Every structure is written in structure tokens, then in C-alpha cells.
Amino acid sequence: MTDALSYHPEAPGTGAQALPGIFLVFEGGDGGGKSTQARLLAQRLQTAGADVVLTREPGGTAIGERIRELLLDPGHGEVDARAEALLYAAARAAHARQTIRPALARGAVVICDRYLDSSAAYQGAGRGLGEQTIADLSRWATEDLRPDLTLFLQVPDDDARARLVARGAAPDRLEAEPDAFRARTAAAFRALAARGGSRQPVDGRGEVAEVAARIDAVIGEHLPRLGSLLTGGAAPKARS
């Protein structure tokens, strides 16, 4: 198999790195705590004086939220794997152009719940479409808009399942997939997180505050100007 996880080039002057804001992404399997931690991080940064945009995928725009309903509502019936991948790419294209880039251009901190790596894991590995194929599609859709840092929240599979059950809500179409699908996506997320660099794993076990402290530590290590804000320093200056 082609190394599907090598699609994140570190070439200077491309993606979010060419814009003055900071682009953070939370990734991982369902039940890992991404949405909770993304929301709490946004609150901490806003309290510290940062301009923060909290967003999600699929979604983040009017058309993206409509596509989200189509993709995740089991009531829409079976969705062909290729159609699913293209719908995610369409939502992502609108999201990158209409929401993420404008926020980064004004110097904001953008925190996104899921991004490119979710498609690599779910459609590339889970659906068997090929992670490199899906990665290339995502890069084209976003004009190669890459995060400054991606945080992979990692919890044991049994813990993630227990959290999903504890929510008490009916599972969406992806959450209801069989264990074999979940195993493929989980393996893909682990492999992505293991690459290091702008992708970093975070232990998602324990109390919410404990996980938040780990997240702040990783941010401080890899994005010092944002980390200083989380520890009481001045708001980060936009990149020139």
C-alpha cells in the first residue's frame, strides 16, 4: 500500500503557515473527547484575550452544515463510499475558503473539530478508498490549507465505546459502523499521530481537566507563542 500518511508536506510558505493566524485541529475516533476539549480550549484562549474561531467538520458554513446532515443522519440511507468522500471534500472546500482562511488572514486562532486526517482515516482506511487518494482530494479541496498543529486524542477503544453509550443519544451513521470499520479507522489515527512533527498524540484518559492540561503542555511545546497565552502571557502577535 502506498504510504497514505505522507501527505502532510512541511514545505514553507504553504497552507496556514503563510497566514498570520494559528490553525489548530483536534482529531481521533468517536468518543475520544475532541469536541469537549476543543470547546474548552477555545474558552481558555478567549478568556486570555485571543480572537478565537471554533468550528467543525463537516460543517462550519451554511452549506457544510447541510452536507453534515446528509452524511451523518442514518435516515438518509446508504451512501456510496465515493459519494461520501466527495461530499466531505465539498464541505471542506467551502469551510476552508469561507471560514478558516478569512479567520487566519485576520490573525485569529482557529480551532477545528476534525479536518483532513479524519477523511484519511474514515474514507481512506475505513472505507478502503486509499488514504493517499483521499488525502490528495482533501489537499485539492482546501488549496493545501494545513494546520499548524493537530492534536490526536487517544483513548482505549472500550473507553470510547462507553463514552458513546453514556451520551444516551442515537449513534450517527459513522458511529453505527461495525467494529471492523472502527478498528481500521482507529489504526489509521494511531499511525497518523505517530508521525510526529505537526501531528501530536495526547492521552485522552482521565478527568477532563487532566486532559486539558496535557493539551496545553503540547501546545506550549510546539506553539510557544500560543502556549504563553495559556500560561498567562500576552496574546500572540500575528505572524508577519
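Computed from a predicted structure; not experimentally measured.

Student: Looking at this model, I keep getting lost on the pattern of salt bridges. Mind explaining?
Tutor: Where charged atoms of side chains with opposite charge meet at close range, the side chains can pair. If you walk through the whole model with that rule in mind, you get 14 salt bridges. R139 is the salt-bridge partner of D144, the closest N and O atoms lying 3.2 Å from each other. Of the charged contacts, one joins R146 and D144 as a salt bridge, the two residues approaching to 3.9 Å between their closest N and O atoms. When salt bridges with common partners are traced through the structure, they connect E84, R127, R173 and E177 into a single cluster.

Student: Can you help me understand the side chain of T185 in this one?
Tutor: Within the secondary structure, T185 sits in helix 7 (residues 179-193). According to the relative accessible area criterion, T185 is buried, its value standing at 6%. From its side chain, T185 meets the backbone oxygen of R182 in a polar contact 2.9 Å long. The contact partners of T185, leaving out residues within four places of it in the chain, are A121, Y122 and G126.

Student: Help me out: how do you make sense of the packing of aromatic side chains in this one?
Tutor: Two aromatic rings, taken as a pair, are described by how far apart their centres are and by the angle between their planes. Counted under the stated rule, the structure contains four aromatic pairs. With a centroid separation of 6.0 Å and 35° between ring planes, the pair formed by Y122 and F181 is classed as tilted. Of the two residues, Y122 is situated in helix 4 (residues 116-126) and F181 in helix 7; the sequence distance between them amounts to 59 residues. On the basis of relative accessibility, which here comes to 5%, the residue Y122 falls in the buried class. Measuring from ring centre to ring centre gives 5.7 Å for Y122 and F189, while their planes differ by 75°; the resulting arrangement is edge-to-face. With Y122 in helix 4 and F189 in helix 7, this residue pair connects regions lying 67 residues apart in the sequence. Through successive ring pairs, a cluster of aromatic residues spans Y122, F152, F181 and F189.

Student: Would you take a moment to explain the nonpolar core for this structure?
Tutor: For soluble globular proteins, nonpolar side chains are generally found buried alongside one another. Judged by nonpolar contacts, the single largest core of 23 residues is most densely connected at L24, L45, I111, I219 and L226. Looking at this core, the elements with two or more residues in it are strand 1 (22-27), helix 1 (34-47), strand 3 (109-113), strand 4 (149-154), helix 8 (208-222) and helix 9 (224-230). Residues within four places of L24 in sequence aside, it is in contact with L41, V109, V110, I111, C112, L149, I219, L223 and L226. Core analysis: the next-biggest nonpolar cluster, separate from the first, contains 15 residues, Y122, A125, F181 and A188 among them.

Student: Is there a simple way to think about the sheet that holds strand 3 in this case?
Tutor: Backbone hydrogen bonds hold the strands of a sheet together, and the pairing may be parallel or antiparallel. A sheet is described by the order of its strands in space; here five strands give the open sequence 2-3-1-4-5, paired in parallel fashion. Bordering the open sheet on either side are strand 2 (52-56) and strand 5 (199-203), each of which pairs with just one other strand. Within the sheet, the average angular offset between the axes of one strand and its neighbour, ignoring direction, is 20°. Across five bridges, the pairing between strand 4 and strand 5 is parallel.

Student: Help me understand the packing of helix 6 (residues 157-167) against helix 7 in this model?
Tutor: Helix packing geometry: the angle between the two helix axes and the distance between the axes. Two elements in contact, helix 6 and helix 7, have axes separated by 12 Å at closest approach and are oriented at 120°. One way to sum up the angle between helix 6 and helix 7 is to call them oblique. Here helix 6 runs over helix 7; the crossing is right-handed. Each of D157, A160, R161 and L164 in helix 6 lies in contact with helix 7, whose residues at this interface are D179, R182 and A186. Grouping the constituent residues of the contact of helix 6 with helix 7 by class yields three nonpolar, no polar and four charged.

Student: Is there a simple way to explain the UniProt feature "binding site: ATP" (unreviewed entry) in the chain in this structure?
Tutor: Annotation from UniProt places "binding site: ATP" (unreviewed entry) at G28, G29, D30, G31, G32, G33, K34 and S35. The residue G28 is located in the loop between strand 1 and helix 1 in this model. By relative accessible area, which is 3% here, G28 ends up buried. Setting aside residues no more than four positions away along its own chain, G28 makes contact with K34, R114, Y122, L153 and F189. Other than its neighbours up to four places away in sequence, G33 contacts L153 and R163.

Student: So what exactly am I meant to see when it comes to the confidence of the model for the chain here?
Tutor: Caution applies to low-pLDDT parts of the model: their predicted coordinates are not meant to be read in detail. The pLDDT averaged across the chain works out to 89; a share of 90% of its residues lies at or above 70. Low pLDDT (under 50) marks residues 1-13, which in the prediction has 32 contacts with non-local residues, meaning those over four places away or in another chain.

Student: Is there a simple way to explain the environment of V208 in this structure?
Tutor: One can find V208 in helix 8. Taking the relative accessible area as the measure of exposure, V208 reaches 42% and is therefore partly exposed. It is 8.3 Å that separates the C-alpha atoms of V208 and T36, two residues lying 172 residues apart in sequence. Residues contacting V208, with those up to four places away along its chain left out, are T36, Q37 and L40.

The rules behind the values
Residues numbered from 1 in each chain as written. Predicted model: local features only at pLDDT ≥ 70, side-chain atom pairs only at ≥ 80, totals over all residues. Heavy atoms only, no water. Salt bridge = Lys/Arg side-chain N within 4 Å of Asp/Glu carboxyl O. Helix = DSSP H or I, 4+ residues; strand = E, 2+ residues; numbered from the N terminus. Buried < 20%, exposed > 50% of the residue type's maximum accessible area, 1.4 Å probe, protein only. Polar contact = N/O pair within 3.5 Å; in protein donor to acceptor, adjacent residues only side chain to side chain. Contact = heavy atoms within 4.5 Å. Phe/Tyr/Trp six-rings, centres within 6.5 Å; stacked < 30°, edge-to-face > 60°. Core = buried A, V, L, I, M, F, W, Y, C linked by side-chain atoms within 4.5 Å. Pairing = 2+ DSSP bridges. Axes fitted to C-alpha atoms, helices over the stretch in contact; angles between N-to-C directions. Parallel < 35°, antiparallel > 145°, perpendicular 65-115°, else oblique. Left-handed = near helix turned anticlockwise from the far one by under 90°. Nonpolar A, V, L, I, M, F, W, Y, C, P; charged D, E, K, R; others polar. UniProt positions renumbered as here; feature names shortened; annotations may be inferred. pLDDT = per-residue confidence, 0-100.

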